Every structure is written in C-alpha cells, then in structure tokens.
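Residues per chain are reported as follows:
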Amino acid sequence: MKLNMQKTGPFIRQTIGIVVGSLIFGIALSWFLLPYKIAPGGVGGLSQIFFHLFGWNAGFVMMMMNIPLWILGIWLVGRQFGLGTFIGFFMSSAMTDLVSPRKLYEMGILTEMIERYNTVDGVMKASTEWAMTDDIFLAAIAGSMLLGVGLGLIFKSKASTGGTDVPVAIMKKYMGISIGNGYLIIETLIILIIGVVFANLNIIIWSYFGLYLSAKFTDMVTEGISRVKTATIICSGPEAEERIKNRIYNELDRGVTFLNGRGSWSGEEKNLIFVAFGIQQASTLKAIAHQEDPDVFMIMNDVRDVIGFGFKSREINLGD
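Not measured: the values here are computed from a predicted model.

J.: What's the story with the domain arrangement of the protein in this structure? I'm lost.
T.: Reports of interface size often rely on the accessible area that becomes lost once the parts have come together. Partitioning the protein into domains gives domain 1 (11–223) and domain 2 (228–302). Computed over C-alpha atoms only, the centres of domain 1 and domain 2 are separated by 47 Å.

Next comes the structure, spelled out in structure tokens:
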C-alpha cells in the first residue's frame, strides 16, 4: 500500500493541479478577458477573433488550434510536447467553454449576477459580451491575475497549455532565437493581429497590460515570491572581517565566501564578504555589520533563486 501511494500520490497531486489550474484559467478567460476582447496572447488570444466574429466557442477554437501545433511540436522539437502538454491544453480549453457565462446561464447558475452585469437599459447584451464585471479595468486586472495563477498551477503540475510554446521552441531550435525573444515576437504579433481585426488601439494597450500582469503572477505561482537576498560586505580591516564572519556563522547560521578585491583609490588589498540569507535575516545582518564595523560598506540584493545547502530552489521541471 505504501508503495502504491508513493506512485499514485504525485499523480493525484498533478491531476488536481491541472484541473484546478485549468478551471482558474477558464474563469479568467471567459469571465473577464474574452468579453472585453483583451487578448492575453497565445491561442487564447487568437480564439477571440472566431468567438466575437462568428460566435464559435473559444475553448473549442483553442482545441482545434492546439492539436496541429501539438503534433508539429512533437515532430519538429521532440517529446517535451508530449502527454503533459496534451492534457494541459485539453483541460484548459474544455474549462473555458464549461464555465463561460453563456454556459452557466443556460444551466441556471449565477443567473442573477450575469443579468446584473450584462443588462443595459433593460436589455441583455450579446452573449459574446457577457462578463462578470461591467468595468473593463477590473476585468483586465482580475482576468490577468487569475490567468497567471491558472497557468502557474498548470506549469507546476508539469503540464502546459501548448499554443505559443510550440512556435517559440521551433524558433529557438531552427533560428537560434532565445526563448524570451521568441515569446515577445509571437505574443506581440498576436496582440497586434487582434487590435487590427477589431480596429481598436485600446485592445492593444489593455492586452499588453494583461500580458505583463499575467506573466508576473505565473512566475509568482511557479517559483514563489523570492525570500532570499545576498549581501556583499566591504570592511575597514581584517579584524572586522573576522568578527562579522563569525557572527554570521553563529547568529544567522549561514556560510560566507571571501572575495579578493582592491580599492581603486587606496590600492589596498582587502577581502569582500559575500553571503546569501533569508529575507527575514536582513535586519539582523545590518545590525551585525554596523556593530562590528561602523565604517562598513554593504550592498544588498534581491535574488531570483539560490541552489545549494540551506536553500530550496524555486525552479520547476516541465518535462513529461
């Protein structure tokens, strides 16, 4: 039984993560972003064209776009676009249609809320414009934040929503374009296409705002908020270096590294203390440095990730 739980436990957690992430993704897209034509980039952004111009279900359109991209990704890039990607884009596409305001209204769910936000002068708006708020600013913020959270949960569950991941990977492999620049090119192109199709500059502005916000929340969910800092300490003399080093060992329980340096004005050789520590230890380190060396010069930096003894890496593995 214990062995079975060791095997099934991670699978259950992964499945729950994908389902919950896809649900939040669908809510973000169908409740807030789609009704206001805010293109979050990717296949979800392109689905807006068919949703608003032809009334096609956005999730269905996303599915139809993702399937050939998924096959192309496996063929040209490799198995990194395997089962996790398929499950991710299938679930997120299905949830987008399942929790759409139009679908919920048909099922008699949240009808009062839908009517309250989507009735103008006693007349209901077109169903493609139904949203869960009547304020585009709130829609952009709520939709982008939730989209980032949903994507982050899907990524943490070692899945992917496919879409622009495929052309970006192809550009990197065959054209040498970096991942970051690849996403910038693809997402910009999609947002510009949406803006041109609907002839609305505001859509482009709102979409870039949403893309930035969703990316930040995706990072926060997948990697967590950074709780680690580093400090470079330049002491006035070797005695102060030893005192500060010893107190860091004893009071912060952190190791230090001496870096060789030389003052450009004095030409004096000296050691620089380099240390990584938790953010909650910052005030203690400042106090130690000033108490042991009133003439100390110290630089503190926030860091994205630390790998090594005493620290938990924020990196995630997206492999299948």
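Structure's up, so let's keep going.
J.: Even after reading the chapter, I still don't get the UniProt feature "transmembrane region" (unreviewed entry) in the protein, so can you show me in this structure?
T.: Under the feature "transmembrane region" (unreviewed entry), the UniProt entry names residues 12–34, 136–155 and 182–209. In this annotation, residues 12–34 is assigned 96% helix and 0% strand; the end-to-end C-alpha distance for the span is 31 Å. Taken as a whole, residues 182–209 contains 89% helix and 0% strand, while its terminal C-alpha atoms sit 19 Å from one another.

J.: How do you make sense of the side chain of Ser-214 when you look at a structure like this?
T.: Inspection of the secondary structure puts Ser-214 in helix α10 (residues 201–223). Given a relative accessible area of 5%, Ser-214 falls into the buried group. Each residue touching Ser-214, except ones within four places of it in the same chain, is listed here: Ser-144, Leu-147 and Gly-148.

J.: What's the story with the packing of aromatic side chains in this structure? I'm lost.
T.: Aromatic ring pairs are described here by two measures, namely the spacing of the ring centres and the angle between the planes. Across all of its chains, the model carries 11 aromatic pairs by this definition. Between Phe-86 and Phe-89, the aromatic rings sit 5.3 Å apart at their centres with planes inclined by 75°, giving edge-to-face as the arrangement. Of this pair, Phe-86 and Phe-89 both sit in helix α4 (residues 83–98), three residues apart, which is roughly one turn of the helix. Residue class for Phe-86 comes out partly exposed when judged on its relative accessible area of 30%. For Phe-89, a relative accessible area of 0% corresponds to the buried category. Ring plane angle 15° and centroid distance 6.2 Å describe the contact between Phe-86 and Phe-90, whose orientation is recorded as stacked. One end of the pair is Phe-86 and the other is Phe-90, both in helix α4 and four residues apart, which spans about a single turn. By relative accessible area, Phe-90 is classed as partly exposed at 37%. What links up through ring pairs into an aromatic cluster is the set Trp-70, Phe-86, Phe-89 and Phe-90.

Criteria and thresholds
- Residues numbered from 1 in each chain as written.
- Predicted model: local features only at pLDDT ≥ 70, side-chain atom pairs only at ≥ 80, totals over all residues.
- Heavy atoms only, no water.
- Domains from an automatic or database assignment.
- UniProt positions renumbered as here; feature names shortened; annotations may be inferred.
- Helix = DSSP H or I, 4+ residues; strand = E, 2+ residues; numbered from the N terminus.
- Buried < 20%, exposed > 50% of the residue type's maximum accessible area, 1.4 Å probe, protein only.
- Contact = heavy atoms within 4.5 Å.
- Phe/Tyr/Trp six-rings, centres within 6.5 Å; stacked < 30°, edge-to-face > 60°.

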